[in-house]
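An overview of the molecular structure
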Amino acid sequence: MEAEEPSMSPLNLVQNEPLLRVEHVTLAYKGERGIVRATEGVSFDVHRGDRFVLLGPSGCGKSTLLKAVGGFIAPQAGSLTLAGQAITRPGPDRIVVFQEFDQLPPWKTVRENVMFPMLAGGVKRKEADQRARHWLGKVGLARFVDAYPHTLSGGMKARVAIARALAMQPAILLMDEPFAALDALTRRSMQEALQALWEEIGFTMLFVTHSIEEALVVGNRILLLSPHPGRVRAELNSHQFSLASAGSAEFQAATQRIHDLLFGDVHAPLERALGGTDHAFDHHPNCR
Ligand SMILES: Nc1ncnc2c1ncn2[C@@H]1O[C@H](COP(=O)(O)OP(=O)(O)OP(=O)(O)O)[C@@H](O)[C@H]1O
């Protein structure tokens, strides 16, 4: 018998207030050789149901921003709020998926791995078991609930990590280059799987990548960051793209345009809209 569908977190609500608000955030690390400023004055809003992507070259502070949203580091300046509440510490409303899927404890089955953080968070065993089976089914692993992680492919481990995160019913799913270590074909199928899940469930996601193509396929909004320290270069819409459009001329033009914005002539006219006709590029309030 199919597990009863667990109650969902407020995923499909439409409200004008952003779910996540990042305002003028400066993040820094204290190193042996002094302060390393990772981001400076970064602002963006993530609304419910957004697939919001942070895109930029290595060192632009993407992971650091995600850690700050996760509540693992506090900003030196600026503020981060989730549903109007200041983010001051980690919480089950923000679950991070990393690319290191080998962090799945190998002595636990797939189902036990998914149950583990729920049990740690106080969810009763029966409900955790039900939710684990439900979400493993959603990511296509219903037949593997009793398998051990070492018997799974990289893509399957990624699916377990996503099921484990969604089973926690977070308000926002934080994904830090989750598919970067996968081969190209598996990466593509994971992007497809994520898209299908999002269409079915409509969760909110903040996704970090340095791949322009992945950002266009996965995201509906993309924030472009420049490095050292990370500053907002532009914010754009990308809802018109999907894996199906990945080979199109419009997709290629968008890829090139983003590449130019990130690495090339940043003063090229922004009104040359992504994909031609709609106003995909916005001047961000704190673009430099
Ligand atoms: N724990 C740390 N201690 C000191 N400096 C750090 C630490 N973590 C990151 N940094 C520095 O902060 C800056 C931003 O790093 P971050 O990892 O957030 O960038 P990123 O855009 O995610 O890069 P990548 O794509 O390579 O992961 C870099 O200059 C980096 O060297």
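Here, every reference points to the structure presented above.
This report concerns the structure included in the present document. (Residues numbered from 1 in each chain as written. Predicted model: local features only at pLDDT ≥ 70, side-chain atom pairs only at ≥ 80, totals over all residues. Heavy atoms only, no water.)

Turning our eyes to something else, we now look at the sheet that holds strand β1 (residues 20-31). Adjacent strands of a sheet form backbone hydrogen bonds with each other and so pair up, either parallel or antiparallel. In space, the four strands of this open sheet follow the order β2-β1-β4-β5, with antiparallel pairing throughout. Strands with a single pairing partner mark the edges of an open sheet, and in this sheet they are β2 (34-46) and β5 (85-86). For β1 and β2, the ladder comprises nine bridges, and the chain directions are antiparallel. Counted as the bridge partner of Leu20 is Val46 from β2. The strands that helix α1 (residues 62-70) touches are β1, β2 and β4 (77-82); relative to β1, the one it contacts most, it runs at about 115°. (Pairing = 2+ DSSP bridges. Helix = DSSP H or I, 4+ residues; strand = E, 2+ residues; numbered from the N terminus. Contact = heavy atoms within 4.5 Å. Axes fitted to C-alpha atoms, helices over the stretch in contact; angles between N-to-C directions.)

Here we take up the environment of Gly84. Summarising the element assignment, Gly84 is placed in the loop between β4 and β5. The class for Gly84 is partly exposed, based on a relative accessible area of 45%. For the pair Gly84 and Glu17, spaced 67 residues apart in sequence, the C-alpha to C-alpha distance is 8.4 Å. (Buried < 20%, exposed > 50% of the residue type's maximum accessible area, 1.4 Å probe, protein only.)

Here we take up the pairing of β4. As paired elements, β1 and β4 share five bridges and run antiparallel to each other. Residue pairing for β4: Arg21 is matched across the bridge by Thr81. Here β4 runs beside β5; their pairing, made up of two bridges, is antiparallel. Note on β5: the bridge partner recorded for Thr81 is Ala86. If you look at the hairpin formed by β4 and β5, you'll find two residues sitting between the two strands, and Ala83 has a positive phi there, around 50°.

Another point: helix α4 (residues 154-167). Counted at 1.5 Å a residue, the expected span for α4 with its 14 residues is 20 Å, and the 20 Å between its end C-alpha atoms agrees. Counted residue by residue, α4 has 11 buried out of 14 residues, so it is predominantly covered. All buried positions along α4 are accounted for by Gly155, Met156, Lys157, Ala158, Val160, Ala161, Ile162, Ala163, Ala165, Leu166 and Ala167. Residues of α4 that are buried make contact with β6 (94-97), α2 (110-120), α3 (125-138), β7 (172-176) and α5 (184-201). Positive backbone phi, at 50°, marks Gln169, one or two positions downstream of α4. (Expected span 1.5 Å × (residues − 1).)

In this section: the packing of aromatic side chains. Inspection of every chain in the model, using the stated rule, returns three aromatic pairs. Taking the centre distance of 6.0 Å and the plane angle of 55° together, the rings of Phe179 and Phe207 count as tilted. Here the residue Phe179 occupies a position in the loop between β7 and α5, and Phe207 occupies one in strand β8 (residues 205-209), the gap between them amounting to 28 residues. By relative accessible area, which is 0% here, Phe179 ends up buried. Exposure remark for Phe207: the relative accessible area of 0% places this residue in the buried category. Judged by centre distance (5.5 Å) and plane angle (85°), the rings of Phe241 and Phe251 are edge-to-face. Pair noted here: Phe241 is in the loop between β10 (231-237) and α7 (249-263) and Phe251 is in helix α7, with a separation of 10 residues, a long-range link. A single burial state applies to Phe241 and to Phe251, both of which are buried. (Phe/Tyr/Trp six-rings, centres within 6.5 Å; stacked < 30°, edge-to-face > 60°.)

This part covers the site of the ligand. Taken together, 13 residues surround the ligand, and among them Ser58, Gly59, Lys62, Ser63 and Thr64 come closest. Measuring from an oxygen atom of the ligand, one finds a backbone N or O atom of Gly59 at 2.9 Å. In the model, an oxygen atom of the ligand is placed 2.9 Å from a nitrogen or oxygen of the Lys62 side chain. In isolation the ligand has 630 Å² of accessible area, and contact with the protein removes 64% of it. The element contributing the most residues to the shell around the ligand is α1, with three residues. When the residues that make up the shell around the ligand are grouped by side-chain class, the tally is five nonpolar, six polar and two charged. (Near = heavy atom within 4 Å. Polar contact = N/O pair within 3.5 Å; in protein donor to acceptor, adjacent residues only side chain to side chain. Areas by Shrake-Rupley, 256 points an atom, 1.4 Å probe, with all protein chains shown as cover. Nonpolar A, V, L, I, M, F, W, Y, C, P; charged D, E, K, R; others polar.)

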